[in-house]
Amino acid sequence: MVISIEKFSRATVEGVRTFLAEHPPVEIKVTRRNFDMASRPLRIVRGTCECGHVWTPDPVFIDTLTERMKVFDAELPKGALPGDFYDAIEVKHAWDVETRSQYCGKQITLEVVAVT
Ligand SMILES: [Zn+2]
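Residues numbered from 1 in each chain as written. Predicted model: local features only at pLDDT ≥ 70, side-chain atom pairs only at ≥ 80, totals over all residues. Heavy atoms only, no water.

A. Expanded view of the overall build of the protein chain. Each helix and strand in the protein chain was counted, giving three helices and six strands. Reading the protein chain from its N terminus to its C terminus gives the helix and strand order α-β-β-β-α-β-α-β-β. With 116 residues in all, the protein chain has 39% of them scored as buried. Restricting the contact set of the protein chain to residue pairs at least 6 apart, pairs at least 24 apart contribute 71%. Accessible surface, the protein chain: about 6900 Å² in total, of which carbon and sulfur atoms supply 51%. (Helix = DSSP H or I, 4+ residues; strand = E, 2+ residues; numbered from the N terminus. Buried < 20%, exposed > 50% of the residue type's maximum accessible area, 1.4 Å probe, protein only. Contact = heavy atoms within 4.5 Å. Areas by Shrake-Rupley, 256 points an atom, 1.4 Å probe, with all protein chains shown as cover.)

B. Looking closely at the nonpolar core. Core analysis: the largest hydrophobic core is formed by 19 residues, its most contacted members being Phe 61 and Ile 89. At four residues, the largest contribution of residues to this core is made by helix H2 (residues 59-69). (Core = buried A, V, L, I, M, F, W, Y, C linked by side-chain atoms within 4.5 Å.)

C. Inspection of the environment of Arg 32 at higher detail. Structurally, Arg 32 is set in the loop between strand E1 (26-30) and strand E2 (41-49). You can call Arg 32 partly exposed: its relative accessible area is 30%. Apart from residues no more than four positions distant in its own chain, Arg 32 is found in contact with Asp 84, Asp 87 and Ala 88. There is a polar contact of 2.6 Å between the side chain of Arg 32 and the backbone oxygen of Asn 34. (Polar contact = N/O pair within 3.5 Å; in protein donor to acceptor, adjacent residues only side chain to side chain.)

D. Quick look at the packing of aromatic side chains. Considering all chains together, one arrives at two aromatic pairs under this definition. An angle of 75° between the planes, with centres 4.8 Å apart, marks the rings of Phe 35 and Phe 85 as edge-to-face. Note that Phe 35 is positioned in the loop between E1 and E2 and Phe 85 in helix H3 (residues 83-86), a separation of 50 residues in sequence. Take Phe 35: its relative accessible area is 13%, and that puts it in the buried class. Look at Trp 95 and Tyr 103: their rings are 5.2 Å apart centre to centre, the planes differ by 65°, and that puts the pair in the edge-to-face class. Residue Trp 95 is classed as partly exposed on the basis of its relative accessible area, which comes to 33%. (Phe/Tyr/Trp six-rings, centres within 6.5 Å; stacked < 30°, edge-to-face > 60°.)

E. The coordination of the zinc ion, seen in detail. Looking at the zinc ion, the protein donor atoms are Cys 49 (SG), Cys 51 (SG), His 93 (ND1) and Cys 104 (SG), and they sit 2.0 to 2.4 Å from it. Here the zinc ion is ringed by four donor atoms whose angles at the metal span 100 to 119°, and the overall shape comes out tetrahedral. If you list the donors of the zinc ion from N- to C-terminus, the spacing comes out as C-x1-C-x41-H-x10-C. Taken as a pair, Cys 51 in the loop between E2 and strand E3 (54-55) and Cys 104 in the loop between strand E5 (89-93) and strand E6 (108-114) lie far apart in primary sequence, 53 residues in all. Overall, the relative accessible area of 41% leaves Cys 51 in the partly exposed class. (Donors = N, O, S within 2.8 Å, 3.2 Å for Na, K, Ca; no water. Tetrahedral: all angles 85-135°; square planar, octahedral: opposite > 155°, others 65-115°.)

As structure tokens, then:
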């Protein structure tokens, strides 16, 4: 897994790594280090992989995401991320949830909605 977020604190990087290790169904790669924290908050509804798999973030994923974003001092609604952040990440389908024995690795297209 390649993740490039050197701008963040060590604790954050470790937190993200731990987070990803605990949630192997998808892999998230940050493709640029700067993003507009003031952009419109968006929430992930679901992601669709090129293989056809539909991924839905579970409550643990949402809670963890919300917790991780607190380091930015951003006032974000629960489960939401700055809209610009979604343009700065690539999401891949990793291990299948059922058996954890099949690795996909294809691109997931996220469906996001505005949070008001
Ligand atoms: Zn897939």
